[in-house]
Amino acid sequence: MLLLFPCFWHAHIQAGDLGSHVYNAWLAEQAQSGHAPGIYVVRQWNNVLFDLSLSAAAKIFGWHAAELLVVSASVLIFFWGVFAFIAAVTKRIPWLLLPCLAMLAYGYSFSMGFLNYYLSIGISCFALAAFWKRGAGNWITALLLSPLIVLAHPIGFAWFAGTIAYVSLWRILPNYLRWLLPVLVLVGYAFLRAFLADSSRYEVGWRPDPFYWMNGSDQLVLYGHRYMILARVVLAWAVLCFLPYFAGLFAKAKTEAKAFRLPIELYLVALAAAAFIPENIHSDLFAGWIGLLVSRLTSVTAIFGLCILGLIPLRKWQIGGFTACAAVFLIFSFQDTAKISHLEANAQGLIAKLPAGTRIVPVASTPDDWRVQFVAHSIERACIGHCFSYSNYEPSSGQFRARAMPGSWAVTDSADKSEAMSSGDYVVQPQDLPLVSIYQCGDTDWTQLCAAPLRAGDKSEEPEPSQTPENLK
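Please read all numbers here as calculations on a predicted model, not as lab measurements. (Residues numbered from 1 in each chain as written. Predicted model: local features only at pLDDT ≥ 70, side-chain atom pairs only at ≥ 80, totals over all residues. Heavy atoms only, no water.)

### Focus on helix 6 (residues 115–132)
Stage number 1. The first and last C-alpha atoms of helix 6 sit 25 Å apart over 18 residues, in line with the 26 Å expected at 1.5 Å per residue.
Stage number 2. Within helix 6, 17 of the 18 residues are buried, which leaves it mostly tucked inside the rest of the structure.
Stage number 3. Once helix 6 finishes, R134 follows within two positions and takes phi at roughly 65°, a positive value. (Helix = DSSP H or I, 4+ residues; strand = E, 2+ residues; numbered from the N terminus. Expected span 1.5 Å × (residues − 1). Buried < 20%, exposed > 50% of the residue type's maximum accessible area, 1.4 Å probe, protein only.)

### A word on the confidence of the model for the protein chain
Stage number 1. Per-residue confidence for the protein chain gives a mean pLDDT of 90; residues scoring 70 or more make up 95%.
Stage number 2. Across residues 466–473, confidence stays below pLDDT 50; counting only partners more than four residues off in sequence or on other chains, it has 20 contacts. (pLDDT = per-residue confidence, 0-100. Contact = heavy atoms within 4.5 Å.)

### Digging into the state of the cysteines
Stage number 1. If you walk through the whole model with that rule in mind, you get 2 disulfides.
Stage number 2. Bridging C383 to C387, the disulfide has an S-S length of 1.7 Å. Note on the C383 and C387 pair: the S-S dihedral is about -110°, so by sign convention the disulfide is left-handed. The residues C383 and C387 share a single accessibility class, namely buried.
Stage number 3. Disulfide pairing is shown between C441 and C450; the S-S distance is 2.0 Å. Looking along the S-S bond of the C441-C450 disulfide, the torsion reads about 80°, which is the right-handed sense.
Stage number 4. Along the protein chain, the cysteines engaged in disulfide bonds are linked according to the scheme 1-2, 3-4 when indexed in sequence order. (Disulfide = S-S within 2.5 Å.)

### A word on the packing of aromatic side chains
Stage number 1. Scanning all chains against the criterion turns up 33 aromatic pairs.
Stage number 2. With centroids separated by 5.6 Å and ring planes inclined at 45°, the aromatic side chains of Y23 and W26 adopt a geometry described as tilted. Note that Y23 and W26 are positioned in helix 1 (residues 18–32) at a spacing of 3 residues, about one turn of the helix.
Stage number 3. Residue classification places Y23 among the buried positions, given a relative accessible area of 0%.
Stage number 4. W26 gets classed as buried once you look at its relative accessible area, which sits at 6%.
Stage number 5. Between F85 and W159, the aromatic rings sit 6.2 Å apart at their centres with planes inclined by 80°, giving edge-to-face as the arrangement. (Phe/Tyr/Trp six-rings, centres within 6.5 Å; stacked < 30°, edge-to-face > 60°.)

This is the structure we're talking about:
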């Protein structure tokens, strides 16, 4: 119950892309009932578990209750999945790591609203915990869970399959040949980077910062510079717990130190991925980009790091340090998500004044030092039951259940247009109209919103001042 408290401390759960998930689940329902012109729904075998669960729950409980129910279930699956995996790897029940697990559960992957990916990692952890313990029954359990992992997200399944392959080979190989495994993985990483860099089929973007900062602690960097400081403190505290114990253990009993070898290998292999895997990638398979790959994959790095930490018998003062960090993290998170909640409440007030069925273009950005940027999706969620978000990115991307037909009325059929509209750089064309822009109009308060009809030639971010009706401010 304590773990789920952040899901209930605002009117809606503020988690980046979550607003888009809820809105598009509603949009898919509207399309199936014929109330969303130009939208159709496809059967999809991946990246849909959260959305399907949300739609099913909404039919029984309504959209708001379904959001609370399915997100809460996702948090529990992730938290206890990681808990089970650490227990299997360390052969200890990791009660002492609860503060760290709580921070990771509400870290970057959750706060960005990558709920399908988040679910896939949680289920993968349960499956890997079963695999780790060996035995036919456990292997069958892992196999039975694998379709759910695929249904949730392919990246989670790739991690699940890759970890099984690595650990299985590690167990088979004699001790003197095990060093080949990380070397082969690094060679594979290098070939992948070279292939993507030279390929004309793929367009890629790489992270500009050093890869070693993407060490798992970055999952705590969310809304501003103060999270960066907190993440560095947590990392330093973890190193302070690990190094003295490991150094003393290695000096006294090398046999006991061997328990650290595989978790450390897995952590370093995951950390090295940040140096070779692109942050964003685009191919001709989809209209939209597949983005923030390294940023979300560091949740896996963090899980392996916690496996190493789980092998250490933490003392009370060390647990107290992690507990204090978790308390600060949650306080920071409450304060910043309250601002997004206020922005959504302002959006609800504006949208209530618009005629039913209005097509809107929400344009909203966060302070420059925020890492979580998807606040415009909270405005889309405010549209449910009343309006359509014309700049909604999911239908035009070709990666989700709801798809846009050419010339769609309810949403743009172009991923490029969607991106330009959301950034405020799109120049409105006559065939796009009628549209209403919902944009930030406060000089000092970025949660203040205004609504105004757009004209041909306007930019989507903000219409001409003469077009802004005072009664919609």
